[in-house]
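Each chain, written out:
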Amino acid sequence: MSTSTDLAAAHGSQEQGQGQGQGQDGGERLDVAASVLALLADRTRLALLHRLGAGEADVTSLIEACGAPRTSVSQHLAKLRLAGLVTTRRDGRRVVYSLRHGHLRRLVDEALNVADHQIGSLPPHD
């Protein structure tokens, strides 16, 4: 199953069965979560999602935010769009990107918080 299919299925199963961590959907949820985390494991995609967490942006703004070449940013945005993690809308000739939902913004923020703790040798906490 492809990542975009996995993620689309997860969105549907989340709406149908909030809180199902075990049982028949538990394995599927774990597979989809692993797919999301795999997409976040790329530095450029993580930078793009972090920037989009602050609000919608066009490709030019995203290139500036992550410092990657235009072709690379476009390819990563295509992957994120196909996976259903970002949405697009037209604004004249520009395509404007945004995060699909706040869960993703919070996930990126938490990953960066973990990095802050490791870099700064901060004590663990809940």
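A few points on the structure. Not measured: the values here are computed from a predicted model. (Residues numbered from 1 in each chain as written. Predicted model: local features only at pLDDT ≥ 70, side-chain atom pairs only at ≥ 80, totals over all residues. Heavy atoms only, no water.)

Here we look at the nonpolar core
Ranked by size, the top nonpolar core spans 22 residues in total, and within it Leu49, Leu62 and Val73 carry the most contacts. Mapped by element, the contributors of at least two residues to this core are helix 2 (26-40), helix 3 (43-53), helix 4 (59-66), helix 5 (70-82), strand 3 (94-99) and helix 6 (102-120). Broken down by element, the residue count for this core peaks at four residues, all from helix 4. (Core = buried A, V, L, I, M, F, W, Y, C linked by side-chain atoms within 4.5 Å. Buried < 20%, exposed > 50% of the residue type's maximum accessible area, 1.4 Å probe, protein only. Helix = DSSP H or I, 4+ residues; strand = E, 2+ residues; numbered from the N terminus.)

Topic: helix 5
A rise of 1.5 Å per residue sets the reference length of helix 5, with its 13 residues, at 18 Å; its end C-alpha atoms lie 18 Å apart and thus fit the reference within 8%. Elements in contact with the buried residues of helix 5: helix 3, helix 4, strand 2 (86-91) and strand 3. Just downstream of helix 5 lies glycine 84, where phi reads positive at about 80 degrees. (Expected span 1.5 Å × (residues − 1). Contact = heavy atoms within 4.5 Å.)

Brief notes about the pattern of salt bridges
Under the defined criterion, the tally for this structure stands at four salt bridges. Linking glutamate 56 and arginine 89 is a salt bridge whose minimum nitrogen-to-oxygen distance equals 2.4 Å. Remark: arginine 89 occurs in strand 2 and glutamate 56 occurs in the loop between helix 3 and strand 1 (57-58); sequence separation between them is 33 residues. Note that aspartate 109 is salt-bridged to arginine 105, the shortest N-O span being 3.5 Å. With aspartate 109 and arginine 105 both in helix 6 and four residues apart, the pair spans about one turn of that helix. According to the relative accessible area criterion, aspartate 109 is partly exposed, its value standing at 30%. Exposure remark for arginine 105: the relative accessible area of 31% places this residue in the partly exposed category. If you follow the salt bridges from partner to partner, you end up with Asp58, Asp91 and Arg94 in one network. (Salt bridge = Lys/Arg side-chain N within 4 Å of Asp/Glu carboxyl O.)

From the geometry alone we can't say anything about function, so treat these as descriptive.
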